[in-house]
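A closer look at the structure
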Amino acid sequence: MSAESTAGGPAPRRLIVVGSGIAGLYSALLAADADAEVVLLTKGALADSNTYYAQGGISAVLDEPAPGDTVAAHIADTLKAGAGHCDEEAVRVLCTEARLDIAGLERFGVRFDMDDDGDPSLGLEAAHSAPRILHAGGDATGAGVARALIKTVLDAQAAGRIQVIGHAQVTSLSQSEGRMAGVNFLHDGRELGVHGDAVLLATGGAGQLFAQTTNPAVATADGLALAWRAGAAVADLEFFQFHPTCMVLPADALEAAGNGSEPLLISEAVRGEGAILLDGLGERFMPAYHPDAELAPRDVVSRSIALHLATLGDPHGHVFLDAMVVEARRGKGYLAKRFPTITQRTREAGVDWTRELVPVAPAAHYWMGGVRTDLYGRTSVPGLLAAGEVACTGVQGANRLASNSLLEGLVFGRRAVSAFFEDAPGGVSPEAIPPLAVSAAGGLPLTLASGTPSDDIASLMSGDTSAVPSDDDRQRQLNGWEFDLDPAPGPVETSFSDPGPFSRVALRRLMTANAGVLRNGGLLREASGLLGAWASADNPVNVPDSFDPREHEDANLLLAAQLLVHSARERRESLGAHYRSDSVPADAAVEHFDMRYTMSRKASLVND
């Protein structure tokens, strides 16, 4: 017998959303609009997310694009940046459906920057072939988007449509009869739980794995660790993107800038406007490394900086960003108008970038890998969904194209909500789809693009479910061949050096030195041994028996580090953001070098 509401009808299904970045906020609003009961958990305040700190914009080819721009061009740029490792169907979905979710954001109160003619102001960023980047508040797009979505979420909470639980550290996922059944979390020193019909992980990334990162302190790989412990497959963990231009200053200056020990991100858009990179000798060096110079993909620019510093005998040094050329060409005051946040932050740190060079170096920025999903956010665990940076849809490939990350959270967050409704017991009747699966963009079904239903949706609308993939089919799509891994997240290595006691500082130093921008087999083998030594004392695969959220974060980071290093060791050839100085030829590395490595607790490596 199905549960009933107080009104006498079936009780609404409950979706638990973990995370308050763009994917979590947007998905929660869409699900609430479709009459689901929504519980949104965030381990800090709602604004504590990578989204809030995103300076870059959102890429989209609109109904009235820049001259010469097309959806096909956006697809081509994404595939090129991804180094041949993207899931082409996922990229098609992302680029084709982008305009739908831009309209959705506008309905939820996001206001994008306009040009003097009242049209969307479209920026150009590295590796994009045409201007197609939308911004909100100049170089504070993430904050602008987050503020608007948070306001709408709080309005929905006040109306009783969304329950928000802040400062909740989710510690484990609960399952019942082979399906996701809820989450357990710490709140005010107590361990609590909430039950639901599905869980959507939107927890962001793991920049805190590295000594220098653009990510906030909350980015500790929580969602990846939760999913791994629940048995979900993960993929592409060797691909971690380092943003090439993060401001480097002494600790006292950084403290004065209000950024603790974290570098200040200098947006990709600055180089899109014409800023160039110089070494300590005042020489421009990027043209020698790539024909697109400063506008090359991020992995290329970061790696070029690291290699160039090594040739200069200063591998731990920095280079300089010259934005003065932009001010000189566009006129006095342009940088302050176009990049008000960066202008203010650099000035607070003691640098006037209209008159001085800005010292910069690469910093951990975005994880292309994550919890493996299909095109609707479904993981290999029934009832567990994932969207945003925590997920691996295959859309980012081996190197993310600039300004595609916020877009991915939107498009696949919406699709995950659609899957939540479609996967309801008994299926979704054709009559139920229009009122339930309606996007914020004004009446289009959640998974439609350009008014054309996908095969799955069309089948459901017609009442024919024969074409809809079964759970077994989806599992086969996620997994190929596999071999056992139980229980550790990688081969056990013996370390002959004393790792010392585990600390987050020690972990971040190790990962930066051995698994950062430049890698090789020896460094990765050493990292594996040291990580294994730390893990032998307190196995991170197990949920810590502690009421201290930081201990849970530490276990999550250690587990994520083991998974990343294991993946990086298995991929012996360089590809995209994964660069090994001892790279072997692709045909000698694996049979299909660009195939995706997938791992789970019961299957160590899957090559599909």
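Above: the structure in question.
Since we're looking at a predicted model, the values are computed, not measured.

Let's shift gears to the overall build of the protein chain. Check the secondary structure of the protein chain and you find 20 helices and 21 strands. Partitioning the intrachain contacts of the protein chain with sequence separation of at least 6 by distance along the chain shows that 72% fall at a separation of at least 24. Total accessible area on the protein chain is roughly 23300 Å²; 52% of this is exposed by carbon and sulfur atoms.

In this section: the packing of helix H17 (residues 504–515) against helix H18 (residues 521–537). With their axes 9 Å apart at the nearest point, H17 and H18 run at an angle of 160° to one another. With respect to their mutual orientation, H17 and H18 come out roughly antiparallel. Read as a crossing pair, H17 and H18 show a hand that is left-handed. Seen from H17, the contacting residues are Ala-506, Leu-507, Leu-510, Met-511, Ala-513, Asn-514 and Ala-515; seen from H18, they are Leu-523, Leu-524, Glu-526, Ala-527, Leu-530, Leu-531 and Trp-534. Taken together, the residues of the contact of H17 with H18 sort by class into 12 nonpolar, one polar and one charged.

Per the stated rule, a full pass over the model turns up 27 salt bridges. A salt bridge links Asp-77 to Arg-132, with the shortest nitrogen-to-oxygen separation between them at 2.8 Å. Residue Asp-77 is found in helix H3 (residues 71–81), and its partner Arg-132 is found in the loop between strand E4 (122–123) and strand E5 (133–134); the two are separated by 55 residues along the sequence. Exposure remark for Asp-77: the relative accessible area of 10% places this residue in the buried category.

The next point concerns the sheet that holds E5. If you walk across this open sheet you meet the three strands as E3-E5-E4, and the pairing is antiparallel. In this open sheet, the two edge strands, each paired with only one partner strand, are strand E3 (58–59) and E4. Where E4 lies against E5, two bridges are found, and the strand directions are antiparallel. Each residue of the ladder has a partner; that of Leu-122, found in E5, is Leu-134.

Right, let's get into the packing of aromatic side chains. Geometrically, a pair of aromatic rings is defined through the distance of the ring centres and the angle of the planes. In the structure shown here, the tally under the stated rule is 10 aromatic pairs. Taking the centre distance of 5.0 Å and the plane angle of 65° together, the rings of Phe-210 and Phe-240 count as edge-to-face. One end of the pair, Phe-210, is in the loop between strand E10 (198–201) and helix H6 (222–229); the other, Phe-240, is in strand E12 (residues 240–247), and 30 residues separate them in sequence. For the residue pair Phe-210 and Phe-240, the accessibility class agrees, reading buried in each case. An angle of 70° between the planes, with centres 6.0 Å apart, marks the rings of Phe-339 and Trp-353 as edge-to-face. Of the two residues, Phe-339 is situated in the loop between helix H11 (334–338) and helix H12 (340–348) and Trp-353 in the loop between H12 and strand E16 (358–367); the sequence distance between them amounts to 14 residues. The rings of Phe-210, Phe-240, Phe-242 and Trp-367 are connected pair by pair, giving a single aromatic cluster. Just above the ring of Tyr-366 sits the side chain of Arg-400; from NZ or CZ to the centre is 4.5 Å.

Next up on the list: the packing of H3 against helix H4 (residues 88–107). At a minimum axis distance of 9 Å, the contact between H3 and H4 shows a crossing angle of 140°. The pairing of H3 with H4 is recorded here as oblique in orientation. For the element pair H3 and H4, the recorded crossing hand is right-handed. Residue-level contacts link Val-71, His-74, Ile-75, Thr-78 and Leu-79 of H3 to Glu-88, Val-91, Arg-92, Cys-95, Thr-96 and Arg-99 of H4.

Further remarks concern the nonpolar core. With 64 residues, the main nonpolar core has Ile-58, Leu-105 and Ile-162 as its most contacted residues. Take this core: its biggest share by element is 10 residues, from helix H13 (residues 405–422). Judged by nonpolar contacts, the second largest core, of 60 residues, contains Val-183, Phe-185, Val-517 and Ala-527.

Looking now at the side chain of Asp-279. Within the fold, Asp-279 resides in the loop between strand E14 (276–278) and helix H9 (298–311). Buried within the structure, Asp-279 lacks any salt-bridge partner; its nearest side chain of opposite charge belongs to Arg-284, at an N-O separation of 11 Å. Of the polar contacts made by the side chain of Asp-279, one reaches the side chain of His-308; its length is 2.9 Å. Once residues within four sequence positions are removed from consideration, Asp-279 is found in contact with Phe-285, His-308, Leu-312, Val-319 and Phe-320.

Now for a negative patch on the surface. Where like charges cluster on the molecular surface, the negative patch consists of Glu-64, Asp-115, Asp-116, Asp-117 and Asp-119. Judged by its relative accessible area of 80%, Asp-116 is exposed.

The subject of this paragraph is the sheet that holds strand E9 (residues 190–195). With respect to topology, three strands assemble into an open sheet ordered E7-E8-E9, the strand pairing being antiparallel. In this open sheet, the two edge strands, each paired with only one partner strand, are strand E7 (169–176) and E9. For this sheet, the mean inter-axis angle between neighbouring strands, taken without regard to orientation, is 25°. Across the face of the sheet, helix H19 (residues 549–570) comes into contact with E7 and strand E8 (179–187) while running at roughly 70° to E7.

What follows covers the side chain of Glu-97. Within the secondary structure, Glu-97 is located in helix H4. In this structure the side chain of Glu-97 is engaged in a polar contact, spanning 2.9 Å, whose partner is the side chain of Arg-415.

Let us now look at the environment of Gly-522. In this structure, Gly-522 sits in helix H18. Its relative accessible area of 33% is what places Gly-522 among the partly exposed residues. C-alpha of Gly-522 to C-alpha of Asp-582: the two residues are 60 residues apart in sequence and 9.2 Å apart in space.

Moving on to H19. Look at H19: 32 Å from first C-alpha to last across 22 residues, which is about the 32 Å you get at 1.5 Å a residue. Of all 22 residues that make up H19, 17 are buried, and the element is covered over most of its length. The backbone nitrogen of Arg-550 has a side-chain oxygen 3.0 Å away, supplied by the residue at the start of H19, namely Asp-548.

Another point: the environment of Asp-582. Within the fold, Asp-582 resides in the loop between H19 and helix H20 (586–589). Each C-alpha atom of the pair Asp-582 and Arg-519 lies 8.1 Å from the other, and the pair is 63 residues apart in sequence. Beyond its immediate stretch of four places on either side in the chain, Asp-582 contacts Arg-519, Asn-520, Gly-521 and Arg-572. At 3.0 Å, the side chain of Asp-582 and the side chain of Arg-580 are in polar contact.

Another point: the pairing of strand E15 (residues 319–322). Bridge analysis of E14 against E15 gives three bridges, and the strand direction is antiparallel. Following the sheet pairing, Leu-278 is matched in E15 by Phe-320. The sheet contact formed by E15 and E16 spans three bridges and is antiparallel. When the bridges of E16 are listed, Leu-321 appears paired with Val-358.

Thresholds applied
- Within each chain, residue numbers correspond to sequence positions counted from 1 in written order.
- Thresholds applied to this predicted model are a pLDDT of at least 70 for local features of residues and 80 or more for the giving and counting of side-chain atom pairs; totals over whole chains, interfaces and linings are not thresholded and use all residues.
- Excluding hydrogens and water, the side-chain values take into account all heavy atoms of the structure.
- Comment: elements are numbered from the N terminus, with helices defined as DSSP H or I runs of at least four residues and strands as E runs of at least two.
- Here, two residues are considered to be in contact whenever any of their heavy atoms come within 4.5 Å of each other.
- Shrake-Rupley sampling with a 1.4 Å probe provides the accessible areas, and residues are treated as covered by the protein chains on show and by no other component.
- Axis geometry follows a simple rule: fit a line to the C-alpha atoms, using only the stretch in contact for helices, then measure angles between N-to-C directions, giving values from 0 to 180 degrees.
- Here roughly perpendicular refers to angles of 65 to 115 degrees, roughly parallel to angles under 35, roughly antiparallel to angles over 145, and oblique to all remaining angles.
- Handedness of a crossing follows from how the near helix is turned relative to the far one, being left-handed for an anticlockwise turn of less than a right angle and right-handed for a clockwise one.
- Note that Gly is not counted as nonpolar here; it falls among the polar residues with everything else outside the nonpolar set of Ala, Val, Leu, Ile, Met, Phe, Trp, Tyr, Cys and Pro and the charged set of Asp, Glu, Lys and Arg.
- We count a salt bridge whenever a side-chain nitrogen from Lys or Arg sits within 4 Å of a carboxyl oxygen from Asp or Glu.
- Under the scheme applied here, a residue whose accessible area is under 20% of the maximum for its type counts as buried, over 50% as exposed, and between as partly exposed, the area being computed with a 1.4 Å probe on protein chains only.
- Here, strands pair whenever DSSP counts at least two bridges between them.
- Two rings from Phe, Tyr or Trp (for Trp, the six-membered ring) form a pair when their centres sit within 6.5 Å of each other. Planes less than 30 degrees apart are called stacked, planes more than 60 degrees apart edge-to-face, and all others tilted.
- Whether a charge sits over a ring comes down to the Lys NZ or Arg CZ being within 6 Å of the ring centre and within 35 degrees of the ring normal.
- Put simply, buried Ala, Val, Leu, Ile, Met, Phe, Trp, Tyr and Cys residues joined by side-chain atoms within 4.5 Å make one nonpolar core.
- We count Lys and Arg on the positive side and Asp and Glu on the negative side, and we leave His and both chain ends out.
- Polar contacts, as counted here, are pairs of nitrogen or oxygen atoms within 3.5 Å of one another; within protein the pair requires one atom able to donate a hydrogen and one able to accept it, and residues that are adjacent in sequence qualify only if both atoms are side-chain atoms.
- Patch definition: residues above 30% relative accessible area lacking any salt bridge, with like charges linked at up to 9 Å and the nonpolar side chains Val, Leu, Ile, Met, Phe, Trp and Tyr linked at up to 5 Å.
- The atoms used to mark charge sites are NZ of Lys, CZ of Arg, CG of Asp and CD of Glu.
- Here the expected span of a helix is defined as 1.5 Å times the quantity of residues minus one.

By themselves, these are just geometric observations and shouldn't be taken as functional.
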